[in-house]
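Residues per chain are reported as follows:
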Amino acid sequence: VQLVESGGGLVQPGGSLRLSCVASGFTFSSYAMRWYRQAPGKARELVAVVSSAGGYTDYASSVKGRFTISRDNAKNTAYLQMNSLKPEDTAVYYCYAVRGSLNYWGQGSQVTVSS
């Protein structure tokens, strides 16, 4: 089982990034997907969720209107489009797959928002 994130990096405030999370080793389309983030010295926080079929999404209030979560079950991939980035969005971003008691984490992707 693997979740591999990509797309992180350094971006200026107001910029955009798109994170991808490619899944393998399990039935991706049966799992809800989430993105979490963890800033230095802070607890990991939930950023966005998408249901297994993609019909339901939800967001933390801090990112609502700026971030969009989506998935392509044919490509076993989840995405997090991040627009209007702020310095406080700087964190390691993790994708997470969950189905009942089964869950898997990605390795994380660093996002740094700085001028």
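All values reported here derive from a predicted model rather than from experimental measurement.

*Asks:* Is there a simple way to think about the environment of Ser61 in this case?
*Replies:* Secondary-structure assignment places Ser61 in the loop between β6 (57-59) and β7 (67-72). According to the relative accessible area criterion, Ser61 is exposed, its value standing at 71%. Distance in space between the C-alpha atoms of Ser61 and Val47 is 8.6 Å, their sequence separation being 14 residues.

*Asks:* I'm lost on the pattern of salt bridges in this one. Help?
*Replies:* Pairing between side chains of opposite charge can happen when their charged atoms approach one another. Counted according to the given criterion, the structure contains 3 salt bridges. Notably, a salt bridge pairs Arg37 with Glu45, separated by 2.7 Å at the nearest N-O pair. Judged by its relative accessible area of 5%, Arg37 is buried. A relative accessible area of 32% places Glu45 in the partly exposed class. Between Asp89 and Arg37 there is a salt bridge, with the nearest N and O atoms lying 2.9 Å from each other. Of this pair, Asp89 sits in the loop between β8 (77-82) and β9 (91-99) while Arg37 sits in strand β4 (residues 32-38), placing them 52 residues apart in sequence. Considered together, Asp89 and Arg37 belong to a single accessibility category, that of buried residues. One salt-bridge network, held together by shared partners, links Arg37, Glu45, Arg66 and Asp89.

*Asks:* Would you explain the pairing of β8 in this entry?
*Replies:* Residues in a regular strand point their side chains to alternate faces of the sheet. Of all 6 residues making up β8, 5 are buried, and the element is well covered by its neighbours. By the bridge criterion, 6 bridges tie β7 to β8 in an arrangement that is antiparallel. Across the sheet, the residue bridging to Thr68 is Gln81, located in β8. Once β7 ends, the chain turns through 4 residues before running back antiparallel as β8, passing Asn76 with a positive phi of about 55°.

Each value, and the rule that gives it
- Per chain, the residues get numbers from 1 upward, laid out in the order the sequence is written.
- Local features in this predicted model are restricted to residues whose pLDDT is 70 or higher, and side-chain atom pairs enter the listing and the counts only when it is 80 or higher, whereas totals over whole chains, interfaces and linings include all residues.
- Think of the side-chain values as coming from all heavy atoms in the structure, minus any hydrogens and water.
- Each helix is a run of H or I in the DSSP string that is no shorter than four residues. Each strand is a run of E no shorter than two, and both are numbered from the N terminus.
- Between buried and exposed lies partly exposed: a residue is buried under 20% and exposed over 50% of the maximum accessible area for its type, with that area taken using a 1.4 Å probe on protein chains only.
- By definition, a salt bridge exists where a carboxyl oxygen of Asp or Glu is found within 4 Å of a side-chain nitrogen of Lys or Arg.
- Only strands joined by at least two bridges in the DSSP assignment are considered to pair.

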